[in-house]
Amino acid sequence: MIKVNFSLSYIFIALFFAAISFSLVAEEILIDEVVASVNDEVVMRSELEERALEVIGRLQASNIKAPPEEEILSQVLDRLVIERIQLLKAKQAGIRYSDEEVNNAISATAQRQGKTLQDLLDDAKRGGISPSIFRQKVREQLLISRVQEGNMNKRVSISERA
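Cut-offs used in this document
Residues numbered from 1 in each chain as written. Predicted model: local features only at pLDDT ≥ 70, side-chain atom pairs only at ≥ 80, totals over all residues. Heavy atoms only, no water. Helix = DSSP H or I, 4+ residues; strand = E, 2+ residues; numbered from the N terminus. Expected span 1.5 Å × (residues − 1). Buried < 20%, exposed > 50% of the residue type's maximum accessible area, 1.4 Å probe, protein only. Arc of directions from axis to C-beta. 1 Å grid on protein atoms, 1.4 Å probe; cavity = no way out; pocket = protein on both sides within 12 Å on 5 of 7 lines; lining within 4 Å. Points joined across faces, edges and corners; volume = space filled by probe spheres on them. Axes fitted to C-alpha atoms, helices over the stretch in contact; angles between N-to-C directions. Left-handed = near helix turned anticlockwise from the far one by under 90°. Contact = heavy atoms within 4.5 Å. Nonpolar A, V, L, I, M, F, W, Y, C, P; charged D, E, K, R; others polar. pLDDT = per-residue confidence, 0-100.

Caption draft 1: Layout of helix 4 (residues 99-112). Counted at 1.5 Å a residue, the expected span for helix 4 with its 14 residues is 20 Å, and the 20 Å between its end C-alpha atoms agrees. Of all the residues in helix 4, the buried ones are Val102, Ala105, Ile106 and Ala110. Looking straight down helix 4, one finds that the buried residues subtend no more than 135° of arc, so they occupy a single side. Of the exposed residues in helix 4, the ones pointing more than 90 degrees away from its buried face are Glu100, Gln111 and Arg112.

Structure, rendered in structure tokens:
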């Protein structure tokens, strides 16, 4: 008889924890969502909102009245999709930048601003961007610039004058 009571108490405890786990499973929390996809690449809502906040911050710093949020989100999403397409084109074309080339680009930017490479990395860190993410963003901008240059060169034609 004691064994049965002991087993019943385990059953009640198991049912109690099962009920708790069902209530936890039933409560769904959206962490992030895909807002656009380009081939195998996706644009996440968090990235869209982060970039939109950057745009709003730049507008406010320049004392420019920001357009409605929906308009900003739409324009930023368009820009992110175009960037994804350009990065895919760069990947397909086999365009790559070494760490040294990325550091040289950062150093050149720092020199134009009268700073050192470490100053720029420190500025990024203060802005919440790790050095690795900062370098990745610079690498992506270099790739996008190269793709844009290639597109411009295709449109330009030089003809001889008679």
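Caption draft 2: Broad picture of the layout of surface pockets. By volume, the largest pocket is sized at about 740 Å³. Surrounding the largest pocket, 26 residues form its lining, Arg51, Leu87, Gln136, Lys137 and Glu140 being those nearest its centre. Looking at which element gives the most residues to the lining of the largest pocket, the answer is helix 6 (residues 131-155), with 10 residues.

Caption draft 3: Fine view of the packing of helix 2 (residues 45-61) against helix 3 (residues 69-93). Two elements in contact, helix 2 and helix 3, have axes whose closest approach is 9 Å; the angle formed by their N-to-C orientations is 115°. The handedness of the crossing between helix 2 and helix 3 comes out as right-handed. Two secondary-structure elements touch here, helix 2 through Glu47, Leu48, Arg51, Ala52, Val55 and Ile56 and helix 3 through Ile72, Leu73, Val76, Leu77, Arg79, Leu80, Glu83 and Arg84. Counted by class, the contact of helix 2 with helix 3 contains nine nonpolar, no polar and five charged residues.

Caption draft 4: Quick peek at helix 5 (residues 117-126). Looking only at helix 5, the buried set comprises Leu120, Leu121 and Ala124. Taken down its axis, helix 5 places every buried residue within 100° of arc, on the same side. Opposite its buried face, helix 5 presents the exposed residues Lys125 and Arg126, each directed more than 90 degrees away. After helix 5 finishes, the residue Gly128 shows a positive phi value of roughly 90°.

Caption draft 5: Structural view of the side chain of Arg139. Note on placement: Arg139 falls in helix 6. Assessed through its relative accessible area of 16%, Arg139 is described here as buried. Residues in contact with Arg139, not counting those within four places in the same chain, are Tyr97, Ser98, Asp99 and Val102.

Caption draft 6: Representation of the confidence of the model for the chain. Per-residue confidence for the chain gives a mean pLDDT of 82; residues scoring 70 or more make up 76%. Per-element confidence in the chain ranges from a low mean pLDDT of 56 for helix 1 (residues 2-26) to a high of 94 for helix 3. Scored below 50 in pLDDT, residues 1-6 shows zero contacts in the model against residues more than four places distant or in partner chains.

Caption draft 7: Molecular detail of unusual backbone geometry. Look at Asn39: it is not a glycine, yet its phi comes out positive at around 55°. Tracing the backbone shows Asn39 in the loop between strand 1 (34-38) and strand 2 (41-44). In this structure, Asn63 takes a positive phi of about 55° despite not being glycine. Relative to the assigned elements, Asn63 resides in the loop between helix 2 and helix 3.

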